[in-house]
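Here is what each chain is made of, one letter per residue.
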Amino acid sequence: VKSPRELVISAYATVPDITRVVTPDIKRPGDSRLLFIEIAPSRTRLGGSILAQAYGQVGKESPDVDDPERLKSAFKAIQRLIAGDLILAGHDVSDGGLATTLLEMAFAGNCGFDIRMDGPWRPLERLFAEELGLVVECAANDLPRVQEILGSFQVASSVIGATREETRVRVTCNGQTLLDAPTEVLREWW
């Protein structure tokens, strides 16, 4: 197997409560919402992404930390949400983009989701850009409080969908169905 050299850095830090962890598996299928928290709002750079690599390309522009203060605010907001037990599950989008993140969450939770993405960008850009951001699952009735906290930190977020007990994944973008398949089939392809 040939692969580029990579650097893995491990870090250690004290934490006030090791039982407050956020894992990527969807916890309450059918009764929760998925929010996309954008730390690089409206950016969809594909340079160095797995999508570019799949097409034998490098890309022109890679994701970067354009606004360190926004990253800091997002971190603080997430910590507040964790402290308030408002996040059920979470996963960053830095390794494979939004599509990979959502599928991994559904696979781990053995469930499905309905995602609706609308916007001015092209679907491949939005679904595979590895920009700074994350997806969090929150209980449907906690959604207003989660959005309020994110807003208080000026962190951009959007509700992109809902989880479902049925093991089926559906993604639409600007009214066009991009994916509609059983979770089991997608997991097998994975």
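Here the structure is a predicted model, which means the values were calculated and not measured.

Cut-offs and rules
- Residues numbered from 1 in each chain as written.
- Predicted model: local features only at pLDDT ≥ 70, side-chain atom pairs only at ≥ 80, totals over all residues.
- Heavy atoms only, no water.
- Helix = DSSP H or I, 4+ residues; strand = E, 2+ residues; numbered from the N terminus.
- Buried < 20%, exposed > 50% of the residue type's maximum accessible area, 1.4 Å probe, protein only.
- Contact = heavy atoms within 4.5 Å.
- Lys, Arg positive; Asp, Glu negative; His and termini not counted.
- Charge placed at Lys NZ, Arg CZ, Asp CG, Glu CD.
- Axes fitted to C-alpha atoms, helices over the stretch in contact; angles between N-to-C directions.
- Parallel < 35°, antiparallel > 145°, perpendicular 65-115°, else oblique.
- Left-handed = near helix turned anticlockwise from the far one by under 90°.
- Nonpolar A, V, L, I, M, F, W, Y, C, P; charged D, E, K, R; others polar.

K.L.:
Which parts of the structure should I look at to understand the overall build of the protein chain?
P.N.:
Helices and strands together make up the secondary structure of the protein chain, namely six helices and seven strands. Taken from the N to the C terminus, the helices and strands of the protein chain come in the order β-α-α-β-α-β-α-β-α-β-β-β-α. Over its C-alpha atoms, taken along the principal directions, the protein chain stretches across nearly 45 × 35 × 35 Å. Taking all 190 residues of the protein chain together, 39% fall into the buried category. Contacts spanning at least 24 positions in sequence make up 81% of the contacts within the protein chain whose residues lie at least 6 apart. Of the side chains in the protein chain, 21 bear a positive and 27 a negative charge, and the two mean positions are spaced by 3 Å.

K.L.:
In this structure, what is going on with the environment of Phe 128? I would like to understand it.
P.N.:
Residue position: Phe 128 is located in helix 4 (residues 123-128). In this view, Phe 128 contacts Leu 46, Ser 49, Leu 51, Gly 96, Gly 97 and Ala 99; residues no more than four positions away in its chain are not counted.

K.L.:
Can you help me understand the packing of helix 2 (residues 68-83) against helix 5 (residues 143-152) in this one?
P.N.:
The axes of two packed helices give the description: the angle between them and the distance between them. Between helix 2 and helix 5, whose axes approach to 9 Å, the crossing angle comes to 150°. The orientation of helix 2 relative to helix 5 falls into the category roughly antiparallel. Between helix 2 and helix 5 lies a crossing whose hand is right-handed. On the side of helix 2, the interface is formed by Ala 77, Arg 80 and Leu 81, while helix 5 contributes Val 146, Ile 149 and Leu 150. Looking at the contact of helix 2 with helix 5, its residues break down into five nonpolar, no polar and one charged.

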